[in-house]
Amino acid sequence: MRSPESVEKSPLPPGALLAELLPIVGEIGSVLDPDELLPTIARQLRRVVDYKLLDIFLPEKDGSLVPAFVDGYPPETAAKLRIRPGEGIVGAAAAAREPVFVPDVSKDRRYLPLVPGVVAEMAIPLLNRDRLVGVLNIEGPDASAFTPEARTALQVLARHLAIAIENATFYRETRWYAGLLATLYEIGKETASILDLDELLQRVAEVVKRVIDYEMFGILLIDEATDELVVRKSVAYAVAPEKPRIKVGQGLTGAAVLARKAIMVGDVRQDPRYLDLIPQTRSELVVPLIHKEKVLGVFDLESPVLNRFTEEHVKVLTLLASQVAVAIENARLYASLREKEERLAKDLDVARRIQAGLFPEKSPGGPGWEASAHFVPAQILGGDLYDFYDLGERVLGLAVGDVAGKGVSAALYGAFASGNVRARAFERHAPAELLRHANNTLRRRGMDGLYCTLTFALFDFGARRVTVANSGLPYPVHYRAATSRCEPIELPGLPLGAFDGATYDEKTLELAAGDVLVFYTDGVTEAWNGTEQYGGARLARQVEANAGLSAAKIGERILSEVGQFEGTGSPADDVTLVVVKLR
């Protein structure tokens, strides 16, 4: 026979009691919310035993038992109750994994009195697949309430209670995890849109507070130059040194970086790795921020409470850390890109001013003639060029060119080509010969894929004539005052720097008072309005319509109409226009 403190094994309950248990099992099994389940269990068990006190104990990680639900004594008393396995009647049932019934608690030294008037107590371990889910403890004013049938019924119900509690716990975890994923998804969208690192870290501190109500929190990022962790954001870090630097491998934060996994310490005073930077700290949780196998830094949570952090906290922060690591890397890349763009913008501005300095300060003029030049780059730097050369004795050299491409490379190549043409111009070469020499130099010292189309004109205002050679630029326009009509100066030619041994033709034209010559790049005639190009015919009509104006006004009118035709804020291609008018 078993000792009197153990419950006798009874045969199956009679049909009447079985009929009573079935709806109880059904009612309990239908509840999935843990907050509703335990009160439901208490209500249903009163149909079996008229108890004075009921509590349901659940195990903690350290094996101790704490009451998750109480009926019959104050919750504040329950909050202080913690029972170790083997302690009291509840602990004895948990340790033996067998029900314990004590008909007279006054005769049992293990009894832990909580409220007066208790005579009998029964503690039943709640087991599911040999795992202790909890302990059901019932106390009553006399032993008569615990009949053999009632005790048997409680044992039968215990297994169902264990399953119900496990299901409810799983349901709560599943619901919590689903909610967590939804929260993390929203957080991920929110943090991904923040590209300023300081703003991001501030927002992360707020976000972490939403999922873990921390006391102290810090984000430490690795300074790759020194291999140190540096505090970049801290909240309530008490009297910690201002932005301490911690070597990777030192302290719990440095250890988490080396281990590449979270480190949770319930009592930092027992861990030799802990660096005593914050005297109030008793427990700490460190989670590394990892992006593409690279540790960027850590989350560091500290608390003045022992065993403050849980495995759930580790799961939450590990998931969040992976999202934050991506956001931090994006913010860093954006900052680096912005710094490079700012540096490039400064360099381009300097280059723009240098390029502007390469153009003539003002357009020349003299007795019986005037000139005007107009340049509108499509980008900060342009690939077009123009220059005037005062060769004395009322002789003027003029070059207008267009380098293939745009931007920095075109501007540099244009400067190189312009300098080469300028040197040849002052050697007083004829236009065709000048282009030949320039082509040979660009071929020897140029770069594959870069070339320049250029027109060179040599004006002799004393003799009232001009000699023109062309290397692929659009044909200049000659407005003859005698006929009030425009004619193109047709001179085909190969671009400079494109082919070895290229030669060029030239034409000499007689000039008269009122004649106008317009030299331009293809940014004028190829201007596009979405349907058609501006074209040479429109240009000719503009010159004819405005030939009576000054050279400067003619150029301004042409540029204004081209801009209105294109209808955009800036031209799609560099626009260069040079007008020479004889008076």
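Cut-offs used in this document
Residues numbered from 1 in each chain as written. Predicted model: local features only at pLDDT ≥ 70, side-chain atom pairs only at ≥ 80, totals over all residues. Heavy atoms only, no water. Pairing = 2+ DSSP bridges. Helix = DSSP H or I, 4+ residues; strand = E, 2+ residues; numbered from the N terminus. Axes fitted to C-alpha atoms, helices over the stretch in contact; angles between N-to-C directions. Contact = heavy atoms within 4.5 Å. Parallel < 35°, antiparallel > 145°, perpendicular 65-115°, else oblique. Left-handed = near helix turned anticlockwise from the far one by under 90°. Polar contact = N/O pair within 3.5 Å; in protein donor to acceptor, adjacent residues only side chain to side chain. Phe/Tyr/Trp six-rings, centres within 6.5 Å; stacked < 30°, edge-to-face > 60°. Buried < 20%, exposed > 50% of the residue type's maximum accessible area, 1.4 Å probe, protein only. Lys NZ or Arg CZ within 6 Å of the ring centre and 35° of its normal. Salt bridge = Lys/Arg side-chain N within 4 Å of Asp/Glu carboxyl O. Core = buried A, V, L, I, M, F, W, Y, C linked by side-chain atoms within 4.5 Å.

### Things to note about the sheet that holds strand β20 (residues 506–510)
Step number 1: Strand order in this open sheet of five strands is β14-β15-β16-β17-β20, and the pairing throughout is antiparallel. Either end of the sheet is taken by a strand with one partner, and the two such strands are β14 (384–390) and β20. Across the sheet, the axes of successive neighbouring strands diverge by a mean angle of 15°, strand direction being ignored.
Step number 2: By the bridge criterion, six bridges tie strand β16 (residues 452–460) to strand β17 (residues 465–470) in an arrangement that is antiparallel. Opposite F459, over in β17, you have V466 as the bridge partner.
Step number 3: Relative to β14, helix α9 (residues 407–425) is tilted by about 20°, and along the sheet it contacts β14, β15 (395–403) and β16.
Step number 4: Packed onto the sheet, helix α10 (residues 431–445) meets β16, β17 and β20 and runs at close to 30° relative to β17.

### Observations regarding the packing of α9 against α10
Step number 1: Orientation of α9 relative to α10, taken along the N-to-C sense of each, is 140°, at an axis distance of 10 Å. For the element pair α9 / α10, the angle class is oblique. Seen from above, α9 lies across α10 with right-handed handedness. On the side of α9, the interface is formed by Y413, F416, A417, N420, V421, R424 and A425, while α10 contributes L434, H437, A438, T441, L442 and R445.

### A closer look at the side chain of T467
Step number 1: Among the structural elements, T467 can be located in strand β17.
Step number 2: Within the local environment of T467, its side chain forms a polar contact with the side chain of T508, the two groups lying 2.9 Å apart.
Step number 3: Beyond its immediate stretch of four places on either side in the chain, T467 contacts P431, F456, A457, L458, E506, K507 and T508.

### A closer look at the packing of aromatic side chains
Step number 1: Applying the stated criterion to the full structure yields eleven aromatic pairs.
Step number 2: Residues F459 and F519 carry aromatic rings whose centres are separated by 6.3 Å and whose planes lie at 80° to one another, so their mutual orientation is edge-to-face. Taken together, the residues span a long stretch of sequence, with F459 in strand β16 and F519 in strand β21 (residues 516–520) at a distance of 60 residues.
Step number 3: The buried category is assigned to F519, whose relative accessible area is 1%.
Step number 4: Ring pairs connect the aromatic residues W369, F459, F461 and F519, which therefore count as one cluster.
Step number 5: Over the aromatic face of Y51 sits the side chain of R46, whose NZ or CZ is 3.8 Å from the ring centroid.

### Observations concerning the pattern of salt bridges
Step number 1: Throughout the structure, instances matching the rule amount to 26 salt bridges.
Step number 2: In this structure, D71 and R46 form a salt bridge, with 3.7 Å as the shortest nitrogen-oxygen distance. Residue D71 is found in strand β2 (residues 65–71), and its partner R46 is found in the loop between α2 (34–45) and β1 (53–59); the two are separated by 25 residues along the sequence.
Step number 3: For D71, a relative accessible area of 28% gives the class partly exposed.
Step number 4: Among the ionic pairs, R480 bridges to E487, the shortest N-O distance being 3.4 Å.
Step number 5: A relative accessible area of 25% means that R480 is categorised as partly exposed.

### Here we look at the sheet that holds strand β11 (residues 294–303)
Hydrogen bonds between backbone groups are what pair the strands of a sheet, and the pairing can be parallel or antiparallel.
Step number 1: Spatial ordering of the open sheet is given by β8-β7-β6-β11-β10-β9, a layout of six strands whose pairing is antiparallel. One side of each edge strand has no neighbouring strand; the edge strands of this open sheet are β8 (245–247) and β9 (263–265). Geometrically, the sheet is characterised by an average inter-axis angle of 25° between neighbouring strands, direction not taken into account.
Step number 2: Pairing analysis gives three bridges linking β9 to strand β10 (residues 283–291), with the strands arranged antiparallel. Bridge pairing in β10 places M264 opposite L285.
Step number 3: Running at roughly 60° to strand β7 (residues 228–235), helix α6 (residues 197–211) makes contact with β6 (216–223), β7 and β11 of the sheet.
Step number 4: With respect to the sheet, helix α7 (residues 251–259) is in contact with β6, β7, β8, β9, β10 and β11, its orientation differing from that of β10 by roughly 35°.

### Focus on α7
The α-helix winds at 3.6 residues per turn, so residues separated by three or four positions along the chain end up facing the same way.
Step number 1: The buried count for α7 comes to seven of nine residues, which makes it a mostly enclosed element.
Step number 2: Among the residues making up α7, those that are buried are G251, L252, T253, G254, A255, A256 and V257.
Step number 3: Contacts made by the buried residues of α7 are with β6, β7, β8, β9, β10 and β11.
Step number 4: Immediately downstream of α7, the backbone of R260 shows phi near 60°, a positive value.

### Quick word on unusual backbone geometry
Step number 1: In the Ramachandran plot, R464 falls in the positive-phi region, its phi being about 55° despite a non-glycine side chain.
Step number 2: One can find R464 in the loop between β16 and β17.
Step number 3: Given a relative accessible area of 28%, R464 falls into the partly exposed group.

### A word on the nonpolar core
Step number 1: Ranked by size, the top nonpolar core spans 33 residues in total, and within it I41, L45, L54 and I138 carry the most contacts.
Step number 2: Among the elements that line this core, the one with the most residues is helix α5 (residues 148–192), at ten residues.
Step number 3: With residues up to four places along the chain from it excluded, the contact list for I41 reads I28, I56, L161 and I165.
Step number 4: Ranked by size, the runner-up nonpolar core spans 30 residues in total, among them V314, L320, A325 and I328.

### Regarding the pairing of β14
Step number 1: In terms of burial, β14 is a largely internal element, six of the seven residues being buried.
Step number 2: Here β14 pairs with β15 via seven bridges, running antiparallel. Bridge pairing links D387 to A399 in β15.
Step number 3: Turn length for the β14-β15 hairpin, with the two strands adjacent in sequence and antiparallel, is four residues, and the turn residue G392 shows positive phi of about 80°.

### Some thoughts on the side chain of T455
Step number 1: Topologically, T455 is positioned in strand β16.
Step number 2: Residue T455 is classed as buried on the basis of its relative accessible area of 1%.
Step number 3: Within the structure, the side chain of T455 is placed 2.9 Å from the side chain of N470, a separation counted as a polar contact.
Step number 4: The contact partners of T455, leaving out residues within four places of it in the chain, are L398, A399, V400, V468, A469, N470, L473, P476 and F519.

### Quick word on the pairing of β16
Step number 1: By the criterion of burial, β16 is predominantly enclosed, with seven of the nine residues buried.
Step number 2: Bridge analysis of β15 against β16 gives nine bridges, and the strand direction is antiparallel. Its bridge partner being in β16, V403 is matched across the sheet by C452.

### Here we look at the environment of I83
Step number 1: Relative to the assigned elements, I83 resides in the loop between α3 (75–79) and α4 (88–96).
Step number 2: Judged by relative accessible area, I83 falls into the buried class, the value being 4%.
Step number 3: Remark: the alpha-carbon pair of I83 and F519, spanning 436 residues in sequence, is separated by 100 Å.
Step number 4: Other than its neighbours up to four places away in sequence, I83 contacts F57, S64, L65, V90, G91 and L112.

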